[in-house]
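Here's the letter readout for the chains.
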Amino acid sequence: MNLQPWHIIVVTDKALIEEIDAAGMEYIKHDEEWYKRFADRGGKIFYNAPCLIFIAQDNSDAAPLDCGIVSQNIALAAHSMGLGSTICGMARYPLMGEKGEELLRRLQFPEGYSFGMSVCVGKIKSGKQPHEIDTNKVTYITT
């Protein structure tokens, strides 16, 4: 139906990304497991990526699925250009925290739109292999 119930916000302002990152770390402080996980890798939710892409969604029924499609297409496009990417739902936490309203305004989320998904994009540093698919989560129905 091509409703495009999303709005893409591309952030390359490193200072703003770091501010969003810090707000996210502040928000997850109450969850010891999550906080430790990110603190152990330098306290960066967004992996020091130079580009953070927010995908805002409207309140339509199609929006969550379409935001997933957009995030996957961004990740595939980044890969085709030799870049790395991480689809990152953690970007919702800074927007829910104490600075959330201010960040939504500064990120220019359109009125009536909320966080759908985000993608971190940058150069690959780790050389880590992609996660393996758990084949127990695949069902085949054949004739």
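Check the entry above for the structure.
What you see is a predicted model; the values in this text were computed from it and never measured.

Asks: When you look at the overall build of the protein in this model, what are you seeing that I'm missing?
Replies: Across its full length, the protein holds 5 helices and 4 strands. Each helix and strand of the protein, placed in order from N terminus to C terminus, yields the pattern β-α-α-β-α-β-α-α-β. Dimensions of the protein, computed from the C-alpha atoms along their principal axes, are close to 55 × 40 × 35 Å. When the 143 residues of the protein are sorted by exposure, 34% land in the buried category. Restricting to contacts in the protein with at least 6 residues of sequence separation, those with at least 24 account for 79%. Summed over all atoms, the accessible surface of the protein reaches about 9,800 Å², with 52% contributed by carbon and sulfur.

Asks: What should I look at first to understand a nonpolar patch on the surface in this one?
Replies: A cluster of nonpolar residues, Ile133, Val138 and Tyr140, forms a patch on the protein surface that exposes about 390 Å² of accessible area. Mapped onto the elements, Tyr140 comes out in the segment after β4 (114–122).

Asks: How should the nonpolar core be read in this particular structure?
Replies: Nonpolar side chains tend to gather and get buried jointly when the protein is soluble and globular. If you look at the biggest cluster of nonpolar residues, it comprises 24 residues, and the most contacted ones within it are Phe46, Phe54 and Leu107. Elements represented by at least two residues in this core include exactly β1 (6–11), α1 (14–27), β2 (51–57) and β4. Excluding anything up to four places from it in sequence, Phe46 contacts Ile17, Ile20, Asp21, Leu52, Cys88, Ala91, Pro94 and Cys120. The next biggest cluster of nonpolar side chains, apart from the first, holds 9 residues, and it includes Cys67, Ile74, Ala78 and Val119.

Asks: I tried to follow the pattern of salt bridges on my own but got confused; where do I start?
Replies: A side chain with one charge may pair with a side chain of the opposite charge, provided their charged atoms come close. One pass over the full model with this rule turns up 5 salt bridges. In this structure, Arg106 and Glu102 form a salt bridge, with 3.2 Å as the shortest nitrogen-oxygen distance. Of this pair, Arg106 and Glu102 both sit in helix α5 (residues 100–106), 4 residues apart, roughly one helical turn. Several salt bridges converge on common partners, so that one network encompasses Glu19, Lys99, Glu102 and Arg106.

Asks: Is there a simple way to think about the packing of aromatic side chains in this case?
Replies: For any pair of aromatic rings, the description consists of the separation of the ring centres together with the inter-plane angle of the planes. Inspection of the entire model under this criterion finds 4 aromatic pairs. With 5.5 Å between their ring centres and 15 degrees between their planes, Tyr27 and Tyr93 make a pair best called stacked. Remark: Tyr93 occurs in helix α4 (residues 92–96) and Tyr27 occurs in helix α1; sequence separation between them is 66 residues. Taking relative accessible area as the criterion, Tyr93 reaches 24% and is therefore assigned partly exposed. Between the aromatic rings of Trp34 and Phe38, the centroid separation amounts to 5.8 Å while the plane-to-plane angle is 15 degrees, which identifies the pairing as stacked. One end of the pair, Trp34, and the other, Phe38, are both in helix α2 (residues 32–39), 4 residues apart, so they sit about a helical turn from each other. An aromatic cluster is defined as three or more aromatic residues linked by ring pairs; in this entry it consists of Phe54, Phe109 and Phe115.

Conventions and cut-offs
- Counting from 1, residues in each chain are numbered in the order their sequence is written.
- Given that the model is predicted, a residue must reach a pLDDT of at least 70 before its local features are reported, and side-chain atom pairs must reach 80 or more before they are shown or counted; all residues, however, enter totals for whole chains, interfaces and linings.
- For side-chain calculations, the full set of non-hydrogen atoms in the structure is used, while hydrogens and water are omitted.
- Secondary structure counts use DSSP, requiring at least four H or I residues in a row for a helix and at least two E residues in a row for a strand, with both numbered from the N terminus.
- Residue exposure (1.4 Å probe, protein chains only): buried if accessible area is under 20% of the type maximum, exposed if over 50%, otherwise partly exposed.
- Any two residues whose heavy atoms approach within 4.5 Å at even a single point are treated as in contact.
- Surface exposure here means Shrake-Rupley accessible area, sampled with a 1.4 Å probe, where a residue is shielded only by the protein chains that are shown.
- Patch criteria: residues need more than 30% relative accessible area and no salt bridge. Like-charged residues are merged within 9 Å; nonpolar side chains of Val, Leu, Ile, Met, Phe, Trp and Tyr are merged within 5 Å.
- Here, a salt bridge means any Lys or Arg side-chain nitrogen found within 4 Å of an Asp or Glu carboxyl oxygen.
- Think of a nonpolar core as a cluster: buried Ala, Val, Leu, Ile, Met, Phe, Trp, Tyr and Cys residues, connected wherever their side-chain atoms sit within 4.5 Å.
- Geometry of aromatic contacts follows a simple scheme: Phe, Tyr and Trp rings, the Trp one being its six-membered ring, pair when their centres are within 6.5 Å, and the pair is stacked under 30 degrees between planes, edge-to-face over 60, tilted otherwise.

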